[in-house]
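# Per-entry structural report
Next come the chains, spelled out residue by residue.
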Amino acid sequence: MKYTKTPLSHGYANQILTIDLGTGKINPEPLDPQIRDFFIGGRGLGLYLLHKKVNAKTNASDAENPLIFAPGPLGGIPQFPGTSKCMAISLSPLTHIPGVSNFGGHFGAYLKYAGFDALEIIGIAKKNTMLVIDGFINEISITKAPAMDQVFNLEKAIVDQFVKAGHEKKDIVFLTTGIGAANTTYGCINSHYYDAAKPVDGAKGLFRTKQAGRTGLGTVMMHKNIRAIVVLAGYPHGENPYGAADWEKVKQAGTKLHKIVKEVDPQSLKMYRKGSAGLISFMNKEDYQSLPVNNYQYGSHPQAEQICGKTYAERLFDHRGMDGCFPGCNLRCTKGGWVTLASGEHKGQKVWVDGPEYETAAGFGSNLGMWSPEFIMEANWHCDNYGIDTITTAVIMAFLMECYQREYLVKKDTDGFALTWGDEQAALSFIHQIARQGTKLAKVTGVGMIELIDWIAAKYVARTGKPNSRREIEQFAMHTKGLPFSLYRTHRSLSMQASYAAASDIGAHHAAAWLIKVDLLGAFTNFQDRAKALITYPRVRLGNDNLGLCKLPWVDVFNPDSGNRKNTDIYINPASQEIYADFYNGMLGTNMTWEKIFEQTDRDINLQRVMNILVYEKATGRHDWIPDRAIGPTEDRLYETEKDYNDQQLSTILSKPFTEIRKIKTAEKREILMKHRKEELRKLIGVYYAERGWGNNGIPKVETLKQIGLWNFLSDEARTKIAAMNGQLLNKPILAQQL
Ligand code: SF4
């Protein structure tokens, strides 16, 4: 089907594309300016589109559940570093609440260049389908997908097909997923783009991938029978190619941030060499105890140096070329290298691995008690190739290993198979089994953590005749709202505990409030500071997701000018935020401070909470919690491992000298410590709710939603439910169509 497009204006294409796979209808529609200006783009716009299409009864696998992709108005502008991001949004098959995941590469930018601020896919195709949006000839087609169930075979077939049809590799971007997404609830989506600078076999050029890993959106893609979404497009040209209100201002802002990245990164984190895996050494510090080891039991390990960023930088990453996941990003953290596979049907083959990033390195490394970087890269490759989330896969495997360690599971329960700390071969073999549903254990593991807990508890009761052990197992089953934790051990960061528990509405992920680093560095001295940070950081972080921006040039490059600022939180990097405000104002023609720009994110944060309430209802607040393992030592032996630190904290709590504390029995000390930490967390969550204008049950007050202007955008169902939960009855609901 042919469509029309207009030149970009203020970074917007001003058009949304809806494709119904059930009817075959392709519908490009103007983007309503009222919705655009309120929800901005990316994540915010995607959540609104989702809210419009689903209700409390919709399941992730239902035809009406849309799969949405949305870049933001500042995405795809290479004059500024880090404009690579696009958001994937849908109901999650893993958590059953809205799932959101950002991803890098060129897809979001090309979608916009092709004429769309969002792509929304509803319905279910009858057979394996490939969607093609050709921005050169303004044509959209729904075609048959190549019959491949592994991502890198599919990548080759798609590239061959489009190159044969006369397209240049640089003009082709696409999304794929694989068989693992069909066989689990935590499928990931791969975003493929061409890196023309990377040398390969004496020539140059390689297709590379970034992933939308979290919340199982690859599984939604599979449910809809979509194997690939291809966008063909080129960069806009001309005097003011993205329709900026003030193009000079935009370019100047970009030059400023480029300069800071260029000067600061080589002297600090060295992302351009280590990628995000450089974070391993920081989290592993003796004083921080924040690198998860053996399912978050411990927080540091002497062997962590073997899997840290320096090791990858020196031994495994191929530094030739640019390594930016989008042109203009001089932070260039997208590292990768070659490994020879030691398992699976491709055993012996040398493959290119994009990564590992920090989460994958810690997930398949320290948290499984594995210290081989080659193993981690191989596990990373298989997950990408099968289309499953590395974080979820690795954290569920760590949980299983601890179940074996504590004999909640034994080989007899699992047909002779066991997963144990450090056993690389068993771990690789299990990844293949999960992706293919190879065994009963693998099949239930593919459903998710909550179902796995039930299955293991039932096995344990059947084998031992002991009482139901579910509560014991839950203490170390690392998930919130069904989403397995990302890779931060939070014993020493109350702020991060609250972030995982309550500030992240997709479940235990760090995208909303990654507070652990600033907390460990001593940014917050009191409760109010912590609660405030749970508001201000998500505004910026999720605000970046609305704009189409990568957070790393802000969060990982500390602008030296920020250190000189007075009476403000310098850790939020205010000097760089001002540069981002110039970029925003230059594109959109506004004149706002960075604080005001990011305050707008409260709208979609509240919308997401409202959508969670449609699912959780009165139990909403109960879901804002984390397992005991994320709070402190779950057994006496683990208390002893960090005895000095724990005793010191107890000495403060009980106002007793350290020498007195030493005399108390470990079991008693542990009980007091855990009780105290849980009370602190509960208190912080309460203060956070109050700061947000929510009730003490985690439900937004009607006045709050009205004050931020969201009330009028909510569905009748949502308004009625929220009002009822606030003890009000809506006599005359305002109908959405009356707005
Ligand atoms: S910092 Fe890294 S992930 Fe972010 S845009 Fe640049 S290369 Fe991509």
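Note: the structure precedes this text.
Let us look at the structure shown here. Bear in mind the structure is a predicted one, so any value in this text is a computation, not a measurement.

## Some words on the site of the ligand
Residues in contact with the ligand, as listed here, are Gly-82, Ser-84, Lys-210, Gly-324, Cys-325, Cys-329, Leu-331, Cys-333, Thr-334, Cys-550 and Leu-552. Looking at side-chain class alone, the shell around the ligand contains six nonpolar, four polar and one charged residues.

## Side note on the packing of helix H2 (residues 42-53) against helix H24 (residues 602-616)
Running from amino to carboxyl end, H2 crosses H24 at an angle of 30°, the nearest separation of the two axes being 9 Å. Taken together, the axes of H2 and H24 lie roughly parallel to each other. Between H2 and H24 lies a crossing whose hand is left-handed. From H2, Arg-43, Gly-44, Leu-47, Tyr-48, Leu-50 and His-51 reach across to H24, where they touch Asp-604, Ile-605, Leu-607, Gln-608, Met-611 and Leu-614.

## Describing the sheet that holds strand E3 (residues 67-70)
As summarised here, the arrangement of the six strands in space is E2-E1-E6-E3-E4-E5, forming an open sheet in which the pairing is mixed. Edge positions in the open sheet fall to strand E2 (25-30) and strand E5 (98-103), since each of these has one partner strand only. Mean inter-strand twist for the sheet, computed between neighbouring axes without regard to direction, equals 15°. Sheet analysis places E3 next to strand E4 (residues 86-91), joined by three bridges and oriented antiparallel. Bridge assignment links Ala-70 to a residue of E4, and that residue is Met-87.

## What about the pairing of strand E8 (residues 139-144)?
Examined bridge by bridge, strand E7 (residues 129-134) and E8 share six bridges and lie antiparallel to one another. For Asp-134, the partnering residue across the bridge sits in E8 and is Glu-139. Adjacent in sequence and paired antiparallel, E7 and E8 are bridged by four residues, among which Asn-138 carries a positive phi angle near 55°.

## Here's the deal with unusual backbone geometry
In this structure, Pro-356 follows Gly-355 across a cis peptide bond, with omega equal to 10°. Structurally, Pro-356 can be placed in the loop between strand E14 (350-354) and helix H11 (358-364). The backbone phi angle of Gln-289 is positive, close to 50°, even though this residue is not glycine. According to the relative accessible area criterion, Gln-289 is buried, its value standing at 6%. At Asn-567, a residue that is not glycine, the phi angle is positive and equals roughly 50°. Using a relative accessible area of 85% as the deciding quantity, one classes Asn-567 as exposed.

## A look at the environment of Val-100
For Val-100, the position within the fold is in strand E5. In sequence terms Val-100 and Ile-506 are 406 residues apart; their C-alpha atoms lie 6.9 Å from each other. If we skip the residues at most four places from it in the chain, Val-100 touches Arg-43, Leu-47, Met-87, Ala-88, Ile-89, Arg-214, Thr-215, Leu-217, Ile-506 and Gln-608.

## Here's the deal with the sheet that holds strand E9 (residues 172-176)
Strand order in the open sheet made by the six strands is E8-E7-E12-E9-E10-E11, with mixed pairing throughout. Edge positions in the sheet fall to E8 and strand E11 (203-212), since each of these pairs with one other strand and no more. Neighbour to neighbour, the strand axes of the sheet diverge by 25° on average, direction disregarded. Contacts from helix H4 (residues 151-164) reach E7, E9, strand E10 (189-200), E11 and strand E12 (226-232) within the one sheet, and its direction differs from that of E9 by about 150°.

## Quick word on helix H28 (residues 666-692)
Given 3.6 residues to a turn, an α-helix orients residues that are three or four positions apart in the same direction. A rise of 1.5 Å per residue sets the reference length of H28, with its 27 residues, at 39 Å; its end C-alpha atoms lie 39 Å apart and thus fit the reference within 8%. By the burial criterion, the buried members of H28 are Thr-666, Lys-669, Leu-673, Met-674, Arg-677, Leu-681, Leu-684, Ile-685, Val-687, Tyr-688, Tyr-689 and Arg-692. Just beyond H28, the residue with positive phi is Gly-693, at close to 80°.

## Some thoughts on the packing of aromatic side chains
Geometrically, a pair of aromatic rings is defined through the distance of the ring centres and the angle of the planes. Evaluation of the coordinates by the stated rule reveals 36 aromatic pairs. Both rings, one in Phe-38 and one in Phe-39, keep their centres 4.9 Å apart while their planes meet at 80°; by these two values the pair is edge-to-face. The residues Phe-38 and Phe-39 share a single accessibility class, namely buried. Where Phe-364 meets Phe-375, the ring centres are 6.5 Å apart and the plane angle is 90°; that geometry is what we call edge-to-face. Residue Phe-364 is located in helix H11, and its partner Phe-375 is located in helix H12 (residues 373-386); the two are separated by 11 residues in the primary sequence. According to the relative accessible area criterion, Phe-375 is buried, its value standing at 3%.

Rules behind the numbers
Residues numbered from 1 in each chain as written. Predicted model: local features only at pLDDT ≥ 70, side-chain atom pairs only at ≥ 80, totals over all residues. Heavy atoms only, no water. Near = heavy atom within 4 Å. Nonpolar A, V, L, I, M, F, W, Y, C, P; charged D, E, K, R; others polar. Axes fitted to C-alpha atoms, helices over the stretch in contact; angles between N-to-C directions. Helix = DSSP H or I, 4+ residues; strand = E, 2+ residues; numbered from the N terminus. Parallel < 35°, antiparallel > 145°, perpendicular 65-115°, else oblique. Left-handed = near helix turned anticlockwise from the far one by under 90°. Contact = heavy atoms within 4.5 Å. Pairing = 2+ DSSP bridges. Buried < 20%, exposed > 50% of the residue type's maximum accessible area, 1.4 Å probe, protein only. Expected span 1.5 Å × (residues − 1). Phe/Tyr/Trp six-rings, centres within 6.5 Å; stacked < 30°, edge-to-face > 60°.

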